Amino acid sequence: MSDDVAQVSAYITSATLAPIQVGQYSRAQVLEEIGDRGKYLGEPGEDGAAMVGGTLISVLADLTGLNRRDVANSLEFSSRVAIREVGDDNQHTSEYWIAFTRSILQIGWFRQADQWSSDFIDGRTTGAENFSDYVIENVRNDPLYSHAEKELVIRALESLRSQAEKRAFFRRFTAGGSKGSYGVNAAAVTNGALAMRFSAFAFNCSAVVEDYLIFSIRNITADVQKNNVEIAANQRTIDSVRSQLEARLDEAAGDFIDSVDI
């Protein structure tokens, strides 16, 4: 075992994951039956999307089944580490995304870009009906994503907010009263390597927001923190620790991931 694989393995063993709180629509039995989180991201040859905690992940058709499995595993592991690390008070703040990125960089991914920015939203003048409109417009104008990635992320977000049951699942991870947060993520094969590009948004609002996808923000003001991150997979390392990482996740498998119809 090489030094870098040994280091990743040690981190996976020592990390503390947030426990699963099974909700109304438990996926535990389904996950046990299929044995592969990547199935939630659809079949190879087709675009796919899923919610993993507070992240909406979209994958392009060129991802293999194993690529999809690694993406889903990595997102769930890092999300659960971050939730446990920052606690309930900070789950919907930028602190969560800092902890999330720190974790995913320790399980076989390496950073290619990482940039924070800030914004202010006045619902009376912004032109967006809700926060998902704001995120969609942000993604549409963001050079981080390719055209195909932009189209897929926007399609997934528009689809998610039109599905009441899926929104209810996502809301459990993204709405915290006057603070809310979620990420949109595109996974693709770039120059032969698995890569993810994602934007995380943390909203600190002037009033309680019940749903950060569809709730009207006409009378809301909000400070926004945004983190754009691009990471690529060290596939040799990920291959080496895949079984170990999945074993940690399966210690408490359940209501943390669900597909989105696109």
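Keep in mind it's a predicted model, so treat the numbers as computed, not measured.

A.B. asks: Before we move on, could you go through the pattern of salt bridges and cite the residues and values that matter?
C.D. replies: A side chain of one charge can pair with a side chain of the opposite charge when the charged atoms of the two come close. This structure, assessed with the given rule, holds 22 salt bridges. Residue R37 is joined to E76 by a salt bridge in which the shortest nitrogen-to-oxygen separation is 2.7 Å. Separated by 39 residues along the polypeptide, R37 in the loop between α2 (28-34) and β1 (48-52) and E76 in helix α3 (residues 65-86) bring together distant segments of the chain. For R37, a relative accessible area of 3% corresponds to the buried category. Residue E76 is classed as buried on the basis of its relative accessible area of 2%. Between D114 and R111 there is a salt bridge, and its shortest N-O distance comes to 2.7 Å. According to the relative accessible area criterion, R111 is partly exposed, its value standing at 46%.

A.B. asks: Any chance you could break down unusual backbone geometry for me, citing the residues and the numbers?
C.D. replies: Phi angles above zero are rare outside glycine, and N191 is one such case at about 50°. Position of N191 relative to the elements: it lies in the loop between β5 (179-190) and β6 (193-205). Take N191: its relative accessible area is 84%, and that puts it in the exposed class.

The rules we used
Residues numbered from 1 in each chain as written. Predicted model: local features only at pLDDT ≥ 70, side-chain atom pairs only at ≥ 80, totals over all residues. Heavy atoms only, no water. Salt bridge = Lys/Arg side-chain N within 4 Å of Asp/Glu carboxyl O. Helix = DSSP H or I, 4+ residues; strand = E, 2+ residues; numbered from the N terminus. Buried < 20%, exposed > 50% of the residue type's maximum accessible area, 1.4 Å probe, protein only.

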